[in-house]
Amino acid sequence: MVAQIIFIVITLAAIALFSYNIKKVIRNIQLGKSADRLDQPQKRFMTMLKVAFGQTKMFFRPIPAFLHLIVYAGFVIINIEVLEILIDGIFGSHRIFSGLGFIYDFLIGSFEILALGVWAGCAVFLIRRNILKLKRFSGVEMTKWPRSDANYILISEILLMTAFLLMNAADAKLQVLGSQHYTNAGAFPVSQYLQNLLPNSEAALVAIERGCWWFHIIGILLFLNYLPYSKHFHILFAFPNTYFSNLEPKGEFTNMKSVTNEVKAMLDPSFIPEEAEPGRFGAKDVNDLTWVNLMNAYTCTECGRCTSVCPANITGKLLSPRKIMMDTRDRMEEVGKNIDKTGNGFDDGKSLIDTYISREEIWACTSCNACTQACPINIDPLAIITELRRYAVMEESQSPASINAMLGNIENNGAPWKYSPADRLNWAKES
Amino acid sequence: MSEQLNFEVPTMAEMIAKGEEPEILFWVGCAGSYDERAQKTTRDICKILHHVGMKYAVLGTEESCTGDPAKRAGNEFLFQMQAMTNIEVLNAYNIKKIVTGCPHCFNTIKNEYPGLGGSYEVIHHTQLIQQLIDEGKLKAEGGESFKGKKITYHDPCYLGRGNGIYEAPRKALEVLDAQLVEMKRCKSNGLCCGAGGAQMFKEPEKGNKDINIERIEEALETQPNIIAAGCPFCMTMMSDGVKLKDQDKNVQVLDIAEITARANGL
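Just so it is clear, the structure is predicted and the values come from calculations on it, not from any experiment.

Draft legend 1. Local environment of the overall build of chain A. Across its full length, chain A carries 17 helices and zero strands. Its C-alpha atoms give chain A principal-axis dimensions of about 95 × 55 × 40 Å. Within chain A, the proportion of its 431 residues that are buried is 52%. About 20200 Å² of surface is accessible on chain A, with carbon and sulfur atoms providing 65% of the total.

Structure, rendered in structure tokens:
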């Protein structure tokens with residue numbers, strides 16, 4: 001009974017804390033401007049199924065895709081087991097689903113095989129990060145915290161899977177001993193090999209089984225509450241992020257409505273403008289971006305596929321699309337904390353541009369869309385870079401001198417170079 | 001094979017004056033109009049249109065920058081000014097279908113003009129060439145033979161990733177009976193030439209290599225006779241790269257329109 005009460009208290013506390021943090025995350029995302037991403041629900045749903053659930057974009061790199069698929073399947077499917085743990089925990093039952101008979105045996109057996117797969121997958125991931133030191137996992141933005149974050153996640157998953165398998169091994173051994181409460185149920189294709197490592201005394205086995213059970217469930221609740229602080233948030237955000245992702249051709253940039261109003265009014269004085277959101281042109285800080293840009297930042301799991309295909313980054317420039325996303329998230333969290341402390345409207349003198357992302361970075365982009373193509377969950381760093389450029393050019397008139405010259409040429413003679421419009425057809429006349 | 005055109009290029013103004021309507025408007029673009037190297041491609045597109053007897057016209061001096069480089073550089077004002085002025089001209093001529101000689105113009109007119117009141121059917125010249133081949137109106141005969149030549153095609157970002165057009169340019173090359181070789185990074189994984197996003201008009205940021213060098217090295221790895229391009233900016237970047245690598249004697253950089261024109265003796 002005491003155990004049940006402790007269990008319920010811990011679970012409720014974990015859920016409450018998680019809800020509290022999620023509310024803050026949602027509030028932070030809502031700092032962004034509106035963006036119309038509610039059209040074509042069917043196409044959006046299919047995109048989510050294909051890209052997030054089906055992980056289709058992962059398979060451009062088959063090895064990590066395969067390992068990731070196992071870890072992902074393990075994560076999703078083993079959660080059925082968590083459901084059983086929750087019910088057992090609340091009602092003080094043991095293996096409540098065991099009445100399902102051979103279906104239960106099949107389920108537990110598959111969980112064990114998956115658990116082993118997850119264990120091995122995470123071990124390989126750790127080796128790739130820490131021993132093979134794959135280039136994709138380094139870079140200026142990959143400072144101590146992002147590196148540790150990745151390792152904490154992988155180690156936690158290994159520990160959780162170990163606890164799960166040890167729990168089953170002890171359980172199976174107790175079943176053979178005919179121990180009270182330990183009904184004969186489940187199949188143990190993996191943990192049977194761990195049984196020999198365990199002691200033979202019933203009391204010790206019960207302690208191990210109970211210990212691992214508590215470790216597993218508390219571990220999962222802790223892990224849940226770690227998500228809002230971690231790059232691992234993608235396990236939740238991948239779904240809304242792909243649902244709300246850009247469905248238009250990648251080459252298409254948004255047309256700014258606020259500008260359309262001004263241009264139309266300039267060309268036609270009788271024009272009555274449609275309503276557009278107030279604010280500055282482009283983005284100086286995170287609240288000038290859209291909520292989609294900000295959700296993208298929370299979704300990023302810092303895998304570095306974008307940066308590894310970025311032509312600017314490949315050739316040694318400062319720009320790294322992954323850094324754009326990480327900076328946006330860091331700045332958003334900072335703004336969020338400012339609001340917590342001092343309420344809305346507090347100016348800390350910092351901004352996304354300059355404090356976090358330098359001019360040199362945004363001007364190195366070729367807008368080639370390699371980053372958006374490479375992202376397995378449709379994050380769009382280019383949209384943020386474009387907004388920062390818009391701010392620099394339209395609000396500050398600060399762009400490289402040669403860009404200014406190009407803009408001046410378009411304005412004056414309708415071409416990015418200094419040629420006379422009268423000469424536009426000369427190619428047809430000369431050789 | 002003279003570079004000079006032995007026919008007149010009709011302008012929209014002339015056509016309307018004669019009371020005629022073209023089947024398609026050829027949007028030449030700034031590079032195609034002014035850049036000497038790109039002008040060759042422009043003339044070859046005209047030769048192809050003339051050869052198949054398609055009724056076409058250009059805007060001539062009424063054409064102006066689509067606003068693409070302004071938009072990519074962040075100057076939305078200038079972009080929309082250009083766009084609306086161009087749309088006014090296009091709509092006044094009642095244009096329905098446009099072929100462009102540049103993926104940047106193609107992307108801008110096709111995707112960004114509709115929201116500002118300019119909706120047209122827009123194709124890139126490699127798509128036109130592919131359609132003409134499919135319809136049997138264009139073959140690869142009567143001109144230079146490309147048989148057995150090694151050709152590698154460089155995907156322009158705004159045609160490939162930007163608009164998902166990977167096959168049309170390749171089909172246009174397939175009829176040549178040449179040997180098509182792909183670079184390591186191709187199609188959706190293609191590497192930019194370094195000119196997009198208004199980079200064409202500025203010096204690159206500090207780094208350890210220029211992007212076009214990285215790309216040309218990859219292209220040269222395929223040991224091609226010809227590097228095929230579909231974009232005037234890629235053309236500049238790739239040609240510069242070949243020259244810097246001292247390979248301009250062995251490797252030609254040609255637009256798909258030029259290759260097609262040559263294969264047909266135009």
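Having seen the model, we can carry on.
Draft legend 2. A look at the domain arrangement of chain B. All names here are of chain B. On domain assignment, one finds that chain B holds domain 1 (12-130) and domain 2 (140-263). A separation of 22 Å is found between the C-alpha centroids of domain 1 and domain 2. Taken together, the contacts link 26 residues of domain 1 with 27 residues of domain 2. Counting the surface lost from both domain 1 and domain 2, the interface buries some 2100 Å², and carbon and sulfur atoms represent 71% of this.

Draft legend 3. Molecular detail of the packing of helix α3 (residues 36-51) of chain B against helix α11 (residues 256-263) of chain B. Residues and elements named next belong to chain B. Direction vectors running N to C along α3 and α11 enclose 50°, while the axes themselves pass 8 Å from each other. Relative to α11, α3 is oriented oblique. Crossing angle aside, the handedness with which α3 passes α11 is left-handed. Facing α3, whose interface residues are R37, K40, T41, D44, I45 and I48, α11 presents A257, E258, T260 and A261.

Draft legend 4. Representation of the layout of surface pockets. All names here are of chain A. What the second largest pocket holds in volume is close to 800 Å³. In terms of lining, the second largest pocket is formed by 39 residues, of which the most central are M58, H68, K231, H234 and T301. For the lining of the second largest pocket, the element with the most residues is helix α3 (residues 62-91), which contributes six residues. In terms of domain composition, the lining of the second largest pocket takes at least three residues from each of domain 1 (2-30 + 61-243) and domain 2 (257-399).

Draft legend 5. Looking closely at the interface of chain B and chain A. Each side of the interface is counted separately: chain B has 69 residues, and chain A has 62 residues. Here chain B packs against chain A, burying approximately 5500 Å² in sum over the two surfaces, 65% of which is carbon and sulfur. Together, B:Y34, B:F77 and B:F201 form the three largest contributors to the area buried by chain B at its contact with chain A, with a combined 14%. Put simply, chain B and chain A have two salt bridges between them. A salt bridge links A:R424 to B:E63; the shortest N-O distance between them is 2.9 Å. The interface formed by chain B and chain A includes 30 residue pairs in polar contact (both at pLDDT 80 or more). The element contributing the most residues to the side of chain B that touches chain A is helix α5 (residues 76-92) of chain B, with eight residues. Taken together, the residues of the side of chain B that touches chain A break down into 27 nonpolar, 27 polar and 15 charged.

Draft legend 6. Structural context of the sheet that holds strand β8 (residues 252-255) of chain B. All names here are of chain B. Taken in spatial order, the four strands line up as β6-β5-β7-β8 in an open sheet, and their pairing is parallel. Each edge of the open sheet carries a strand with a single partner, namely β6 (179-180) and β8. Of the strand pairs in this sheet, strand β7 (residues 226-229) and β8 are connected by four bridges, and their pairing is parallel. Across the sheet, the residue bridging to A229 is D255, located in β8. Strands β7 and β8 of the sheet are contacted by helix α10 (residues 232-244), whose axis makes an angle of about 170° with β8.

Draft legend 7. Up close: the nonpolar core. With 157 residues, the main nonpolar core has A:W427, B:V9, B:F26, B:I98 and B:Y120 as its most contacted residues. Ranked by residues supplied to this core, first place goes to helix α16 (residues 381-395) of chain A with seven residues. Contacts of B:V9, omitting those with residues within four sequence positions, involve A:W427, A:A428, B:E14, B:C46, B:Y56 and B:V58. Ranked by size, the runner-up nonpolar core spans 33 residues in total, among them A:V82, A:F111, A:L114 and A:A172.

Draft legend 8. Representation of the pattern of salt bridges. Residue and element names in this part refer to chain B. Evaluation of the coordinates by the stated rule reveals 39 salt bridges over all chains. Its salt-bridge partner being R37, residue E258 comes within 2.9 Å of it at the nearest N-O pair. Of the two residues, E258 is situated in helix α11 and R37 in helix α3; the sequence distance between them amounts to 221 residues. The class for E258 is buried, based on a relative accessible area of 4%. Here R37 falls in the partly exposed class, since its relative accessible area comes to 23%. Taken together, the shared-partner salt bridges in this structure form one network comprising R185, K209, E214, R215, E217, E218 and K245.

Draft legend 9. The arrangement of helix α6 (residues 202-226) of chain A in detail. All names here are of chain A. Spanning 25 residues, α6 covers 35 Å between terminal C-alpha atoms, matching the ideal 36 Å at 1.5 Å per step. Taken together, the buried positions of α6 are occupied by L205, E209, C212, W213, H216, I217, G219, I220, L221, F223, N225 and Y226. Elements that come into contact with the buried residues of α6 comprise α1 (2-29), α3 and α5 (144-177).

Draft legend 10. Geometry of the sheet that holds strand β4 (residues 121-124) of chain B. Residues and elements named next belong to chain B. Taken in spatial order, the four strands line up as β2-β1-β3-β4 in an open sheet, and their pairing is parallel. The open sheet has two free edges, formed respectively by β2 (56-57) and β4, since each of these has just one partner strand. In the sheet, strand β3 (residues 97-100) pairs with β4 via four bridges, with the strands oriented parallel. Residue pairing in the sheet places V99 in a bridge with I123 of β4. Contacts between helix α6 (residues 103-112) and the sheet are confined to β1 (24-27), β3 and β4, with β4 contributing the most and set at about 165° to the helix.

Draft legend 11. Broad picture of the packing of aromatic side chains. Applying the stated criterion across every chain yields a total of 17 aromatic pairs over all chains. One aromatic cluster is present, built from ring pairs that chain together A:F7, A:W213 and A:W214. Between the NZ or CZ atom of A:R129 and the centre of the ring of A:F137, over which it lies, the distance is 4.1 Å. In this arrangement the basic side chain of B:R72 is found over the ring face of A:F253, its NZ or CZ atom lying 4.2 Å from the centre.

Draft legend 12. Main features of unusual backbone geometry. Residues and elements named next belong to chain A. Here the phi dihedral of D354 falls at roughly 75°; this positive angle occurs in a residue that is not glycine. Relative to the assigned elements, D354 resides in helix α13 (residues 352-356). The class of D354 is partly exposed, set by a relative accessible area of 46%. The phi dihedral of N369 falls on the positive side, at around 70°, and the residue is not glycine. Mapped onto the elements of the fold, N369 is located in the loop between α14 (359-363) and α15 (370-374).

Thresholds applied
Residues numbered from 1 in each chain as written. Chains lettered and ligands numbered in written order. Predicted model: local features only at pLDDT ≥ 70, side-chain atom pairs only at ≥ 80, totals over all residues. Heavy atoms only, no water. Helix = DSSP H or I, 4+ residues; strand = E, 2+ residues; numbered from the N terminus. Buried < 20%, exposed > 50% of the residue type's maximum accessible area, 1.4 Å probe, protein only. Areas by Shrake-Rupley, 256 points an atom, 1.4 Å probe, with all protein chains shown as cover. Domains from an automatic or database assignment. Contact = heavy atoms within 4.5 Å. Buried area = accessible area lost by both parts, 1.4 Å probe. Axes fitted to C-alpha atoms, helices over the stretch in contact; angles between N-to-C directions. Parallel < 35°, antiparallel > 145°, perpendicular 65-115°, else oblique. Left-handed = near helix turned anticlockwise from the far one by under 90°. 1 Å grid on protein atoms, 1.4 Å probe; cavity = no way out; pocket = protein on both sides within 12 Å on 5 of 7 lines; lining within 4 Å. Points joined across faces, edges and corners; volume = space filled by probe spheres on them. Salt bridge = Lys/Arg side-chain N within 4 Å of Asp/Glu carboxyl O. Polar contact = N/O pair within 3.5 Å; in protein donor to acceptor, adjacent residues only side chain to side chain. Nonpolar A, V, L, I, M, F, W, Y, C, P; charged D, E, K, R; others polar. Pairing = 2+ DSSP bridges. Core = buried A, V, L, I, M, F, W, Y, C linked by side-chain atoms within 4.5 Å. Expected span 1.5 Å × (residues − 1). Phe/Tyr/Trp six-rings, centres within 6.5 Å; stacked < 30°, edge-to-face > 60°. Lys NZ or Arg CZ within 6 Å of the ring centre and 35° of its normal.

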